[in-house]
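Given next are the chains, with one letter for each unit.
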Amino acid sequence: MSEQGMGLDIGVLDGEGARQDIPALAAILQDVVANGASVGFMAWNTPADYRAYWAGVAEEVAAGRVLLLAARQAGGIVGTAQLHLIGKPNQPHRAEIAKVLVHSAARRQGIGAALVQKAEALARLHGRSLLVLDTDEASPARRLYARLGWTEVGTIPRYALMPDGGDCASTFFYKELA
């Protein structure tokens, strides 16, 4: 998928591609955590922790449980998102969008929106009609999801921690796909 005017290409990585791109993916994760995003990691996490996380994601990709998107500009990965295909027998219609991450140097260019829209399109291709996600209550992503037609369900206080150890409320969203 090429995004006009952005020089952006969004592709889906297979298991091997995910393994090969672990250094770039780890650098994005480290950047977003260093910039205060509550994405499951703390300020004290190390580059080895980020690489280990992405190695686990690569395994999930290889197993067909996760679709991993990579947004590239000028040949480098500047953003990523995951589509977790729910494998429970009573939820074949549902998927979860997770870890929509854009490097701080590439923000405010529409990359996050492009990643979410690509994930929605992939969900449709995989027969999913209901998507869910959550985000830090104070995150700019909250406005992004609302702008993209997601329905806010509510906010749970103290759901997670910020990288500095402070409390983080998480807001949950869903979207019915036509």
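Structure first, text after, so check above.
Here's a quick rundown of the structure. These numbers come from a predicted model, not from an experiment.

About the cut-offs
- For every chain, the first residue of its written sequence is number 1, and the numbers climb from 1 along that sequence.
- Totals for whole chains, interfaces and linings use every residue, but because this is a predicted model, local features are given only for residues with pLDDT of at least 70 and side-chain atom pairs only at 80 or more, for both listing and counting.
- The side-chain numbers reported here are obtained from all heavy atoms of the structure, hydrogens and water having been left aside.
- Numbering of helices and strands runs from the N terminus, with a helix taken as a DSSP run of H or I at least four residues long and a strand as a DSSP run of E at least two residues long.
- Note that the radius of gyration is over C-alpha atoms, with the globule rule given as 2.2 Å times the number of residues to the power 0.38.
- Exposure is judged per residue with a 1.4 Å probe applied to protein chains only, and the accessible area is read against the type maximum: over 50% gives exposed, under 20% gives buried, and values in between give partly exposed.
- We call two residues in contact whenever any of their non-hydrogen atoms come within 4.5 Å of each other.
- Note on areas: these come from Shrake-Rupley sampling with a 1.4 Å probe, and a residue is covered only by the protein chains present in the view.
- By the counting rule applied here, Lys and Arg register as positive and Asp and Glu as negative, while His and the ends of each chain are not counted.
- Where a charge lies is defined by one atom per residue type, namely NZ (Lys), CZ (Arg), CG (Asp) and CD (Glu).
- Lines fitted to C-alpha atoms define the axes, with helix axes restricted to the stretch in contact, and inter-axis angles between N-to-C directions lie between 0 and 180 degrees.
- We call two directions roughly parallel when the angle between them is under 35 degrees, roughly antiparallel when it is over 145, roughly perpendicular when it lies between 65 and 115, and oblique otherwise.
- We call a crossing left-handed when the near helix sits turned anticlockwise from the far one by less than a right angle, and right-handed when that turn is clockwise.
- Pairs were defined over the aromatic rings of Phe, Tyr and Trp, the Trp ring being its six-membered one, requiring ring centres within 6.5 Å. Orientation was assigned from the angle between planes: stacked under 30 degrees, edge-to-face over 60, tilted for the rest.
- Nonpolar core, defined: a set of buried Ala, Val, Leu, Ile, Met, Phe, Trp, Tyr and Cys residues in which side-chain atoms within 4.5 Å join the residues together.
- Multiplying 1.5 Å by the residue count of a helix minus one yields the expected span of that helix.
- What the arc covers is the set of directions going from the helix axis to the C-beta atoms.

Another point: the overall build of the chain. Counting its secondary structure elements, the chain contains 5 helices and 8 strands. When the helices and strands of the chain are listed from N to C terminus, the series reads β-β-α-α-α-β-β-β-α-β-α-β-β. Relative to the globule expectation of 16 Å for 178 residues, the C-alpha radius of gyration of the chain, 15 Å, shows essentially globular dimensions. A principal-axis box enclosing the C-alpha atoms of the chain has dimensions of 40 × 40 × 35 Å. Expressed as a percentage of its 178 residues, the buried residues of the chain come to 46%. At a minimum sequence separation of 6, the contacts of the chain that also span at least 24 residues come to 60%. In the structure as shown, the chain presents an accessible area of about 8,800 Å², 52% of it carried by carbon and sulfur atoms. Side chains of the chain give 17 positive and 18 negative charges; the mean places of these two sets differ by 3 Å.

Before going further, it helps to spend a moment on the packing of helix H2 (residues 22-34) against helix H3 (residues 47-62). In a packed pair of helices, the relevant descriptors are the angle between the two axes and the axis-to-axis distance. Packing of H2 against H3 brings their axes to within 9 Å, and their N-to-C directions diverge by 120°. Comparing the axis directions of H2 and H3 gives the class oblique. As for the relative orientation of H2 and H3, their crossing is right-handed in sense. Residue-level contacts link Ile22, Leu25, Ala26, Leu29, Gln30 and Val33 of H2 to Pro47, Tyr50, Arg51, Tyr53, Trp54 and Ala55 of H3.

Working definition: an aromatic ring pair is given by the centre-to-centre distance plus the angle between the planes. For the coordinates displayed, the defined rule picks out 6 aromatic pairs. Pairwise contacts between aromatic rings join Phe41, Tyr50, Tyr53 and Trp54 into one cluster.

The nonpolar side chains of a soluble globular protein tend to be buried, and buried together. The biggest cluster of nonpolar side chains holds 30 residues, and the ones touching the most others in it are Leu83, Ile97, Ile111, Leu115, Leu131, Tyr145 and Trp150. Looking at this core, the elements with two or more residues in it are strand E2 (8-13), strand E3 (66-73), strand E4 (76-85), strand E5 (94-102), helix H4 (111-125), strand E6 (130-136) and helix H5 (141-147). Here this core takes 8 residues from H4, the largest share from any one element. In this structure Leu83 touches Arg65, Val66, Leu67, Ala95, Glu96, Ile97, Ala119, Leu122, Ala123 and Leu131, once residues within four positions along its chain are discounted. Counting residues in hydrophobic clusters, the runner-up holds 21 residues, among them Val33, Phe41, Val57 and Val66.

Another point: H3. Taking 1.5 Å of rise per residue, 16 residues should cover 22 Å, and H3 covers 23 Å from first to last C-alpha, within 8% of that figure. Of the residues making up H3, those classed as buried are Tyr50, Trp54, Val57, Ala58 and Val61. Each buried residue of H3 lies within a common arc of 105° when the element is viewed along its axis, so the set occupies one face. Opposite the buried face of H3, by more than 90 degrees, sit the exposed residues Glu59 and Ala62. Contact partners of the buried residues in H3: E2, helix H1 (15-20), H2, E3, E4 and E5. Count one or two residues on from H3 and you reach Gly64, which has phi positive near 85°.

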